[in-house]
Amino acid sequence: NLDTSACSFANGELSLKYGIFNMWTHGLDDVTAKKGATECGTEFVGEMFDPFDRALCSELAMDEVSYYSCKLGDLSGRFGVVAPDENNKIEIEGNVSEDTDNHSKDSGDCKARLMPEALHQRSMVFMCNDENETPLFCAPFMIEFEEISV
């Protein structure tokens, strides 16, 4: 069960912010999810992924959010906050990419996009959607390589 006792939710409604962070210093062999502010603090996950030195996406109007306009790692700012469903599962759907002139983000045809290899040794953190943004749980991104026989 998710312990949200550290959170102060508006109107008592459970909602979480989430994003990509720069590091996973628990070790490449430790791929288990971690809990709380200690195990998911900046000492272990670093700051939010932001290669372009931009503001949080949540500080912009939704129609101003693009690939380059805000922090790449601010996923809840791009796609909205989330809450676990009745089975304690969180589903997120989104595409971090820049539109081409002729296609939408949904088409998969884009000028720039967040590639899996850019996430190597980074982490995903879910935090309280309140002023403290206390980390609740985190996990590393895993990239698996398949050998291809020629």
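Details of the structure are given in the entry above.
Right, let's walk through the structure included here. Predicted, not measured: the structure shown is a model, and the values here were computed from it.

About the thresholds
Note on numbering: residues in each chain are counted from 1, in written sequence order. Predicted model: local features are reported for residues with pLDDT of at least 70 only, side-chain atom pairs are reported and counted for 80 or more only, and whole-chain, interface and lining totals are derived from all residues. The side-chain numbers reported here are obtained from all heavy atoms of the structure, hydrogens and water having been left aside. Labels follow the DSSP assignment, with helices taken as runs of H or I lasting at least four residues and strands as runs of E lasting at least two, numbered in each case from the N terminus. Any residue under 20% of the maximum accessible area for its type is buried, any over 50% is exposed, and the rest in between are partly exposed; the area is computed with a 1.4 Å probe on protein chains only. Disulfides are defined in this document as cysteine sulfur pairs within 2.5 Å. For the purposes of this section, nonpolar cores are sets of buried Ala, Val, Leu, Ile, Met, Phe, Trp, Tyr and Cys residues that join through side-chain atoms within 4.5 Å. When checking whether two residues touch, look at their non-hydrogen atoms; a contact exists if any pair is within 4.5 Å. Following DSSP output, two strands are said to pair if at least two bridges run between them.

Thoughts on unusual backbone geometry
Move 1: Even without being glycine, N88 reaches a positive phi, approximately 60 degrees.
Move 2: Mapping N88 onto the fold places it in the loop between α3 (75-79) and β3 (97-99).
Move 3: Positioned with a positive phi, Q121 is a non-glycine residue whose angle comes to about 65 degrees.
Move 4: Tracing the chain through its elements places Q121 in the loop between β4 (110-113) and β5 (123-128).
Move 5: Note on Q121: relative accessible area 39%, which makes it partly exposed.

Digging into the state of the cysteines
Move 1: By the definition in use, this model includes three disulfides.
Move 2: Here C7 is linked by a disulfide to C128, with a sulfur-sulfur distance of 1.9 Å. Sign of the S-S torsion, about -70 degrees for the bond between C7 and C128, identifies this disulfide as left-handed. Taken together, the positions of C7 in the segment before β1 (16-21) and C128 in strand β5 put the pair 121 residues apart, joining distant regions of the chain. Across the pair, C128 and C7 agree in class, each one buried.
Move 3: Residue pairing for C40: its cysteine sulfur links by disulfide to C138, the two sulfurs lying 2.2 Å apart. One disulfide, between C40 and C138, carries an S-S torsion of -85 degrees and so falls in the left-handed class. Placement of C40 in the loop between α1 (36-39) and α2 (42-45) and of C138 in strand β6 (residues 135-140) is noted, with a sequence separation of 98 residues between them. When sorted by exposure, C40 lands in the same class as C138, which is buried.

Overview of the nonpolar core
Move 1: Judged by nonpolar contacts, the single largest core of 18 residues is most densely connected at I20 and L114.
Move 2: Those elements that provide at least two residues to this core are β1 and β5.
Move 3: The residues contacting I20, other than those within four sequence positions of it, are M48, F49, G73, L75, L114, L119, R122, S123, M124 and F141.
Move 4: Residues W24, C40, M48 and V125 belong to the second largest nonpolar core, which totals eight residues.

Details of the pairing of β5
Move 1: Within β5, six of the six residues are buried, which leaves it mostly tucked inside the rest of the structure.
Move 2: Here six bridges tie β1 to β5, and the two strands are oriented antiparallel to one another. Considered in β5, the bridge of G19 is made with V125.
Move 3: Across five bridges, β5 lies against β6 in antiparallel orientation. Bridge pairing links M124 to A139 in β6.
Move 4: Turn length for the β5-β6 hairpin, with the two strands adjacent in sequence and antiparallel, is six residues, and the turn residue E133 shows positive phi of about 50 degrees.

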